[in-house]
Amino acid sequence: MRKDDCIFCKIANGEIPSKTIYEDEEFRVILDLGPATKGHALILPKEHFQNIYEIPQETAAKAMILAKKMATLITEKLHADGFNIVQNNNEVAGQTVFHFHMHLIPRYEGDGQNINWIPGEPTQEELEKIKDEITK
Ligand code: 5GP
Ligand code: ZN
């Protein structure tokens, strides 16, 4: 299904042009218009799913396999030194376009980018409690 007012639906299905670096029946991979680094790309499923919670397991699995292939290709072609794969869900997590996508971000020595968080300092007891919250 496609969502009429969704820009990534339109891009993924070719209604809006994009710099496409890969396409198959289910996915399009495009260059990000506001790249973190040279070669920053986005994997877009052609069907509309808002986020990780909505995407079917099978599509998620295929997206991850495609991410591996594209990361390898981009790294080789652009001589990257490393790679980040980022995937944001909901506004609080930094999602700005509400059509599931995976960021493929090649990294280069000295690129000056930071994909980071401030590490917490939980006690063993706190970690144990969280473990229980998730697993019980
Ligand atoms: P989010 O913050 O939702 O995880 O990422 C959205 C990404 O989409 C951003 O990196 C932004 O630069 C990119 N973006 C937004 N609109 C367009 C567009 O029209 N075309 C392309 N190629 N990228 C876009
Ligand atoms: Zn969409």
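Refer to the structure printed above.
Residues numbered from 1 in each chain as written. Chains lettered and ligands numbered in written order. Predicted model: local features only at pLDDT ≥ 70, side-chain atom pairs only at ≥ 80, totals over all residues. Heavy atoms only, no water.

A.B. asks: Outline the coordination of the zinc ion (ligand 2), supporting the account with residue identities and numerical values.
C.D. replies: Surrounding the zinc ion (ligand 2) are the protein donor atoms Cys-6 (SG), Cys-9 (SG), His-48 (ND1) and His-99 (ND1), at 2.0 to 2.3 Å. Taken together, the four donor atoms coordinating the zinc ion (ligand 2) span angles of 105 to 115° at the metal, a pattern that classifies the geometry as tetrahedral. For the zinc ion (ligand 2), the single-chain donor residues occur in sequence as C-x2-C-x38-H-x50-H. Residue Cys-6 is located in the segment before helix 1 (7-12), and its partner His-48 is located in the loop between strand 3 (41-45) and helix 2 (57-78); the two are separated by 42 residues in the primary sequence. Taking relative accessible area as the criterion, Cys-6 reaches 7% and is therefore assigned buried. For His-48, a relative accessible area of 14% puts it in the buried group. (Donors = N, O, S within 2.8 Å, 3.2 Å for Na, K, Ca; no water. Tetrahedral: all angles 85-135°; square planar, octahedral: opposite > 155°, others 65-115°. Helix = DSSP H or I, 4+ residues; strand = E, 2+ residues; numbered from the N terminus. Buried < 20%, exposed > 50% of the residue type's maximum accessible area, 1.4 Å probe, protein only.)

A.B. asks: Help me get a handle on the pattern of salt bridges, residues and values and all.
C.D. replies: Per the stated rule, a full pass over the model turns up six salt bridges. Note that Asp-111 and Arg-107 form a salt bridge whose closest N and O atoms lie 2.8 Å from each other. We classify Asp-111 as partly exposed; its relative accessible area is 24%. The class for Arg-107 is buried, based on a relative accessible area of 18%. (Salt bridge = Lys/Arg side-chain N within 4 Å of Asp/Glu carboxyl O.)

A.B. asks: A description of a nonpolar patch on the surface should follow, citing residues and the corresponding values.
C.D. replies: Judged by side-chain polarity, Leu-127, Ile-130 and Ile-134 come together as a nonpolar surface patch covering roughly 300 Å² of accessible area. By secondary structure assignment, the location of Leu-127 is in helix 3 (residues 124-135). (Patch = residues over 30% accessible without salt bridge, like charges linked within 9 Å, V, L, I, M, F, W, Y side chains within 5 Å. Areas by Shrake-Rupley, 256 points an atom, 1.4 Å probe, with all protein chains shown as cover.)

A.B. asks: Talk me through the sheet that holds strand 3; I want residue IDs and the actual numbers.
C.D. replies: The strand order across the open sheet formed by five strands is 1-2-3-5-4, and the pairing between neighbours is antiparallel. Strand pairing shows two members of the sheet lacking a second neighbour, strand 1 (20-23) and strand 4 (82-86), which therefore form its edges. Strand-to-strand twist of the sheet, defined as the mean angle between neighbouring strand axes without regard to direction, takes the value 20°. Here five bridges tie strand 4 to strand 5 (residues 102-107), and the two strands are oriented antiparallel to one another. Across the sheet, the residue bridging to Val-86 is His-103, located in strand 5. (Pairing = 2+ DSSP bridges. Axes fitted to C-alpha atoms, helices over the stretch in contact; angles between N-to-C directions.)

A.B. asks: Pulling in residues and values, what's your account of the side chain of His-103?
C.D. replies: Of note, His-103 is situated in strand 5. With residues up to four places along the chain from it excluded, the contact list for His-103 reads Asp-32, His-40, Ala-41, Leu-42, Asn-84, Ile-85, Val-86 and Asn-88. (Contact = heavy atoms within 4.5 Å.)

A.B. asks: So, the side chain of Gln-95: which residues are in play, and what are the values?
C.D. replies: By secondary structure assignment, the location of Gln-95 is in the loop between strand 4 and strand 5. By relative accessible area, which is 2% here, Gln-95 ends up buried. A polar atom in the side chain of Gln-95 sits 3.0 Å from the backbone oxygen of Gln-50. Of the polar contacts made by the side chain of Gln-95, one reaches the backbone oxygen of Val-97; its length is 3.0 Å. (Polar contact = N/O pair within 3.5 Å; in protein donor to acceptor, adjacent residues only side chain to side chain.)

A.B. asks: Outline the layout of surface pockets, supporting the account with residue identities and numerical values.
C.D. replies: Here the largest pocket defines a volume of roughly 340 Å³. As for the largest pocket, its lining consists of 19 residues, and the residues nearest its centre are Phe-8, Ile-30, Asp-32, Leu-33 and Leu-42. If you list the elements that add at least two residues to the lining of the largest pocket, you get helix 1 and strand 2 (27-31). Residue contributions to the lining of the largest pocket peak at three residues, all from helix 1. Class assignment of the residues belonging to the lining of the largest pocket gives a composition of ten nonpolar, seven polar and two charged. (1 Å grid on protein atoms, 1.4 Å probe; cavity = no way out; pocket = protein on both sides within 12 Å on 5 of 7 lines; lining within 4 Å. Points joined across faces, edges and corners; volume = space filled by probe spheres on them. Nonpolar A, V, L, I, M, F, W, Y, C, P; charged D, E, K, R; others polar.)

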